[in-house]
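Residues per chain are reported as follows:
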Amino acid sequence: MSEVKIYFNNIWLAFYTAAVGMRRTFLHLFTPAVTIQYPDVKLKLPERARNRLYVNIDDCIGCDQCSMACPVDCITIQTIKGTPDQDLGTTSTGQKKRLHVPLFDIDIAKCCYCGLCVYPCPTECIVMTDVYEFSEYDRSNLIYRYSIMTPQDIEQAKEKLKKSEEEAAAKKAAAATAAAAAKLAAPATSAPAAPAKTEPINPSPDAPGQAKS
Amino acid sequence: MVLYNLAFYFFSLITLASASVVVFSKNIVHSAFALLFTFFGVAGLYVLMMADFLAITQILIYIGGIMVLILFGVMLTNRTIDVQIRTGSIQTFPAMLIVAALAGTLVGIFWSTDWKISPTAIGFEKTAPEIGKMLLTNYLLPFEIASIVLLVALIGAAMIARREKKA
Amino acid sequence: MIELLKSFLGDSLFVYLIAAALPMLFILPYALVAVLLEMKMAAHIQDRLAYMYTGWHGVLQPVADILKLLQKENTVPHVADKFLFALAPYLIFIGTYAGFAAIPFSSAYIGSNIDLGVFYIVAVSSLVVIGIIMAGWASNNKWSLFGAMRSAAQIVSYEVPTALALVVAVMITGSLNLQDIAKFQAGGIQNWLVFGGPLPLLQKILIMPFTFITFIILFLAGIAEVNRTPFDLAEAESELVQGYNTEYSGMKFAIFYLAEYANMFLVSAIVVTLFLGGWASPFGNALSGPLWGFFWFVAKGMFFIFVQIWIRWTLPRLRVDQLMYTSWKVMTPFLFVCIFAIGLILVL
């Protein structure tokens, strides 16, 4: 093209392309908005959306698996062993609860909403809800405490455990002396049976109130 | 007439005050901006003298054109702020001669001019058509010379500013 | 108008002050409407909703914005030139507001019915350039100064096509008085200068393409003079923060804002008066009269405000060299051709 032709062609293109763009924007003036008035109108979340965690503490058996699965360590669980004479009830799935859960904290500020804690839970008591508006002015308000045990409850549970442990220890001591006596009397008869029976209900002394960082 | 006088003193005050800022200010940018008000005040005085075309031309050319150029010049110069403007007097004797000559001329013009100070001089007429006719008849030569000067300046500026094409 | 006031109040300074304040009564509500229109149009072009809470569909938002700006702290940069910094917004507003004095809002109202109206508006709007340079320099901020320099270069360049386009209208109407120019085009849409004006048919047809080109160039040059997209190099947000008004806040920023919107209307008003009949009704003598005149004038003006906003939210920004190219190599030669052709047609 000659220079003159390019010159006029440029001018024509300037007007033509501007007109195309302006037609487009004019049409968009009358298309309904794609945005919504957020706090008033909310988008429906997908069915498996992962938002705030919720723990149904009644179903929690204190297995600590969610806490171990958490990649950012936002779940803190402490447990106190229940004594054999106590009935801690069963979960909705029919599992027997054996541990008190005096502390079940989720620091939701740390949570990365990966959902990894949800899958290992044997009782399906930790779930991701569709609640996503929970901003706070104070960060400490974002630590959600799910345990429903009062301090008295915890104290009681601890005492009971202590008592039962002492009893168990006494029993064990008694059993040991008995076993020793038996050993003396008849070696290799009932000795293996006694530890096998006592082992599950007699853990190491530091087991109660196992702390997780 | 009170209004007229008020306007006159107002514009005179603006002109004189800003002109003194232009002269006495140590900051060259302040001087340049003060010049704006001087031009503006002078334009106002032109209006009071019924020279509306002249007044508007003054605003257009001096404020819209020359002021912008001056400001560009001042701002594109290195060290605009810390430049020391000397306000002392040197070469007193030649300066006195020149000032005396200039003042003499001005005073002479003041005396010889037939000042229209009576209210009868007031009354708007269309000045633009008259000026146009004059420029294209009686004053055609000065008009054309002025335009040629401008054209030469334009071409010169273009020549200086244009980068040579290295073929 | 001034005569009317004089008959009520006598010849005093008061009369002139009232007459001078009248355009303000128009500008303030207009600016609120224009700001709302701008925001709403921007939002809808981008398929958004914009303000929805203040009043019905957010119509009170501009009022709320003004109240906010009035309360805001008036920050001044520590190293700024305090006096010039404070002066600049007012200078810009004065430059714009002075232009309104010669705008014929209606057949009955024009601030000052001077014979050199067109010329006067071009002249006083150059005060805006000085104000912008002043704001940029006084802020002591490199972005502000860049913006001011660009803006000044741009406005000075675009004054050339603007003035030439005005010359076209003045040649046809034979007057520099905007009221006369508007009167010249009275009597229906066919008499507007875009469509050749009230000339004999043959002349009119010959002249029409040239006036139309001039009209478009005048409007585009006007947009460039008020520094709006696609000619908003002075305020290029993505490059220069906010250009010359970066450092301003509170009331001074509000004045910049007001001046920008007032300037937009001034440009629209000039285009409307020169080429679209000003206050003249498009239906001849029907629906004409002083009040209808005001209505038509504002309606036409607002239409061009609409177009300006529409262009702003459609087109991207020009590059500096493209900007200068448009002014000097496209608009100016085209206008020379138009002036020559129209002169020839009028003489023959």
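Residue numbers here run from 1 along each chain, matching the order of that chain's written sequence. Throughout, the order in which chains and ligands are written sets their labels, letters from A for the former and numbers from 1 for the latter. Since the coordinates come from a predicted model, pLDDT governs what is reported: local features require at least 70, and pairs of side-chain atoms require 80 or more to be given and counted, while whole-chain, interface and lining totals use all residues. Remark: hydrogens and water are excluded; side-chain values derive from all non-hydrogen atoms of the structure.

K.L.:
Honestly, the state of the cysteines in this entry has me stumped. Any pointers?
P.N.:
Residue and element names in this part refer to chain A. Two cysteine sulfur atoms make up a disulfide if the distance between them is within 2.5 Å. According to the stated counting rule, one finds 0 disulfides over all chains in the structure shown. Considering cysteine sulfurs only, Cys-74 is the nearest to Cys-70, which forms no disulfide, with 3.6 Å between them. Throughout, exposure labels follow a simple rule: accessible area from a 1.4 Å probe, protein chains only, divided by the maximum for the residue type, with under 20% read as buried, over 50% as exposed, and the rest as partly exposed. The class of Cys-70 is buried, set by a relative accessible area of 9%. You can see Cys-121 has no disulfide; the closest cysteine sulfur is in Cys-125, sitting 3.7 Å from it.

K.L.:
Is there a simple way to explain the interface of chain C and chain A in this structure?
P.N.:
Often the size quoted for an interface is simply the accessible area lost on bringing the parts together. Contact between two residues is taken to exist if any of their heavy atoms lie within 4.5 Å; hydrogens are not considered. Taken together, the contact between chain C and chain A spans 22 residues of the former and 20 residues of the latter. Once two parts are joined, some of their accessible surface, as seen by a 1.4 Å probe, is lost; buried area is that loss totalled over both. In this assembly, chain C packs against chain A so that about 1700 Å² is buried in total across both faces, 68% of it on carbon and sulfur atoms. Note on definitions: salt bridges are taken to be side-chain nitrogens of Lys or Arg within 4 Å of carboxyl oxygens of Asp or Glu. At the boundary of chain C with chain A, the tally comes to 0 salt bridges. Any N or O atom pair separated by 3.5 Å or less is treated as a polar contact, with the protein-specific requirement of one donor-capable and one acceptor-capable atom, and with residues adjacent in sequence counted only for side-chain atom pairs. Put simply, chain C and chain A have 8 residue pairs in polar contact (both at pLDDT 80 or more) between them. Elements that contribute at least two residues to the side of chain C that touches chain A include exactly α2 (13-45), α9 (201-225), α12 (290-312) and α13 (320-347) of chain C. Strands are runs of DSSP state E lasting at least 2 residues, helices are runs of H or I lasting at least 4, and numbering of each runs from the N terminus.

K.L.:
Would you mind going over the arrangement of the chains with me for this structure?
P.N.:
Between chains B and C lies the most contact-rich interface of the 2 pairs of chains that touch. Between chain A and chain B there is no contact; the minimum C-alpha to C-alpha separation amounts to 18 Å.

K.L.:
Would you take a moment to explain unusual backbone geometry for this structure?
P.N.:
What is expected of a backbone is that most residues other than glycine have negative phi and most peptide bonds are trans. Here Asp-64 of chain A, not a glycine, exhibits a phi torsion of approximately 70 degrees, which is positive. Residue Asp-64 of chain A is classed as buried on the basis of its relative accessible area of 13%. Positive phi outside glycine occurs at Asn-140 of chain C, with the angle close to 55 degrees.

K.L.:
How should I be thinking about empty space enclosed by the protein in this particular structure?
P.N.:
Over the atoms, a rolling probe the size of a water molecule traces out where space has been left empty. All names here are of chain C. Cavities and pockets were defined on a 1 Å grid built from protein atoms only: a cavity is a group of points that admits a 1.4 Å probe but offers it no way out, a pocket is an open group of points flanked by protein on both sides within 12 Å along at least five of seven lines, and a lining residue is one with an atom within 4 Å of any such point. Grid points are joined across faces, edges and corners, and a volume is the space filled by probe spheres set on the points. A complete count under the given rule lists 4 cavities of 30 Å³ or more for this structure. Taken as a whole, the largest cavity encloses approximately 190 Å³ of empty space. Lining the largest cavity are 16 residues, and of these Ser-125, Thr-162, Glu-225, Val-267 and Ile-270 sit closest to its centre. Secondary-structure elements contributing two or more residues to the lining of the largest cavity are α5 (117-124), α7 (142-173), α9 and α11 (250-275). Top element by residues in the lining of the largest cavity is α11. It accounts for 5 residues. Each residue is assigned to one of three groups, with Ala, Val, Leu, Ile, Met, Phe, Trp, Tyr, Cys and Pro labelled nonpolar, Asp, Glu, Lys and Arg labelled charged, and all others, Gly among them, labelled polar. Tallied by class, residues from the lining of the largest cavity come to 11 nonpolar, 4 polar and 1 charged.

K.L.:
Explanation requested: the pattern of salt bridges in the structure shown.
P.N.:
Pairing between side chains of opposite charge can happen when the charged atoms of each approach one another. The full count for this structure, using the stated rule, is 6 salt bridges over all chains. The salt bridge involving Lys-42 of chain A is made with Glu-133 of chain A; its shortest N-O contact spans 2.8 Å. Of the two residues, Lys-42 of chain A is situated in the loop between α1 (3-29) and β1 (53-55) and Glu-133 of chain A in the loop between β4 (126-128) and β5 (143-145); the sequence distance between them amounts to 91 residues. With relative accessibility at 42%, the residue Lys-42 of chain A sits in the partly exposed group. Given the relative accessible area of 40%, Glu-133 of chain A is considered partly exposed. Between Arg-228 of chain C and Glu-38 of chain C there is a salt bridge, with the nearest N and O atoms lying 3.1 Å from each other.

K.L.:
For this particular structure, what's the right way to read the nonpolar core?
P.N.:
Nonpolar side chains in soluble globular proteins tend to be buried together. For the purposes of this section, nonpolar cores are sets of buried Ala, Val, Leu, Ile, Met, Phe, Trp, Tyr and Cys residues that join through side-chain atoms within 4.5 Å. Counting 125 residues, the largest nonpolar core has Phe-33 of chain B together with Tyr-30, Ile-130, Phe-265 and Leu-274 of chain C as the members making the most contacts within it. The leading source of residues in this core is α11 of chain C, at 16 residues. Apart from the residues within four sequence positions on either side, Phe-33 of chain B is in contact with Met-67, Leu-71 and Met-75 of chain B together with Leu-84, Ile-130, Ile-133 and Met-134 of chain C.

K.L.:
How should the environment of Met-208 of chain C be read in this particular structure?
P.N.:
All names here are of chain C. One can find Met-208 in helix α9. Owing to a relative accessible area of 30%, Met-208 belongs among the partly exposed residues under this scheme. On a C-alpha basis, the gap between Met-208 and Leu-193 in space is 8.0 Å, while along the polypeptide they are 15 residues apart. Those residues in contact with Met-208, other than ones at most four positions away along the chain, are Val-194, Phe-195 and Gly-196.

K.L.:
Would you mind going over the domain arrangement of chain A with me for this structure?
P.N.:
Residue ranges assigned to each domain were obtained from an automatic or database domain assignment. Structurally, chain A comprises domain 1 (1-34) and domain 2 (53-153). On a C-alpha basis, the centroid separation for the pair domain 1 of chain A and domain 2 of chain A is 61 Å.

K.L.:
Explain a nonpolar patch on the surface to me, please; I cannot follow it from the model alone.
P.N.:
A cluster of nonpolar side chains, contributed by Trp-56, Val-59, Leu-60, Val-63, Ile-66, Leu-67, Leu-70 and Met-251 of chain C, occupies part of the molecular surface with about 760 Å² of accessible area. Structurally, Met-251 of chain C can be placed in helix α11. Patch membership needs two things, relative accessible area over 30% and no salt bridge, and members are linked within 9 Å if like-charged or within 5 Å if nonpolar (Val, Leu, Ile, Met, Phe, Trp, Tyr). Method for areas: the Shrake-Rupley scheme with a 1.4 Å probe, in which residue coverage is limited to the protein chains shown.

K.L.:
What exactly am I supposed to notice about the side chain of Thr-332 of chain C here?
P.N.:
Residue and element names in this part refer to chain C. Following the sequence through the fold, Thr-332 ends up in helix α13. Judged by its relative accessible area of 6%, Thr-332 falls in the buried class. In this view, Thr-332 contacts Val-160, Pro-161, Leu-164 and Ser-327; residues no more than four positions away in its chain are not counted.

K.L.:
I would appreciate a short explanation of the pairing of strand β3 (residues 99-107) of chain A in the present structure.
P.N.:
Successive side chains on a regular strand alternate, one facing one side of the sheet and the next facing the other. Residue and element names in this part refer to chain A. Judged by how many residues are buried, β3 sits mostly within the fold: 7 of 9 residues are covered. Note: strand β2 (residues 75-81) against β3, 6 bridges, orientation antiparallel. Each bridged residue has a counterpart across the sheet, and for Thr-76 the counterpart in β3 is Asp-105. Pairing between two strands is assigned when DSSP locates at least 2 bridges connecting them.

K.L.:
Teacher, can you tell me more about the packing of aromatic side chains here?
P.N.:
Ring pairs (aromatic) are described by centroid distance and by the angle formed between their planes. Stacked, tilted and edge-to-face are the three classes applied to pairs of Phe, Tyr and Trp rings, where Trp contributes its six-membered ring and a pair requires centres within 6.5 Å; stacked means planes under 30 degrees apart, edge-to-face means over 60, and tilted covers the rest. Counted under the stated rule, the structure contains 41 aromatic pairs over all chains. Arranged with centres 6.1 Å apart and planes meeting at 65 degrees, the rings of Phe-8 of chain A and Phe-334 of chain C form a pair that is edge-to-face. Taken together, the residues span two chains, with Phe-8 of chain A in helix α1 and Phe-334 of chain C in helix α13. With a relative accessible area of 21%, Phe-334 of chain C lands in the partly exposed category. Ring centres of Phe-85 of chain C and Tyr-248 of chain C lie 4.1 Å apart, and the angle between their planes is 5 degrees; this geometry places the pair in the stacked category. Placement of the pair is Phe-85 of chain C in helix α4 (residues 82-100) and Tyr-248 of chain C in the loop between α10 (237-240) and α11, with a sequence separation of 163 residues.

K.L.:
Would you explain the interface of chain C and chain B in this entry?
P.N.:
Chain C puts 29 residues into the contact, and the matching count from chain B is 25 residues. Carbon and sulfur atoms make up 86% of the surface buried where chain C meets chain B, a total of about 2300 Å² over both sides. Per-residue buried area on chain C facing chain B is highest for Phe-119, Ile-130 and Trp-137 of chain C; these three make up 25% of the total on that side. Here chain C and chain B share 0 salt bridges between them. For the pair chain C and chain B, the interface holds 1 residue pair in polar contact (both at pLDDT 80 or more). Elements represented by at least two residues in the side of chain C that touches chain B include exactly α2, α4, α5, α6 (126-138) and α7 of chain C. At 7 residues, α6 of chain C tops the list of elements feeding residues into the side of chain C that touches chain B.

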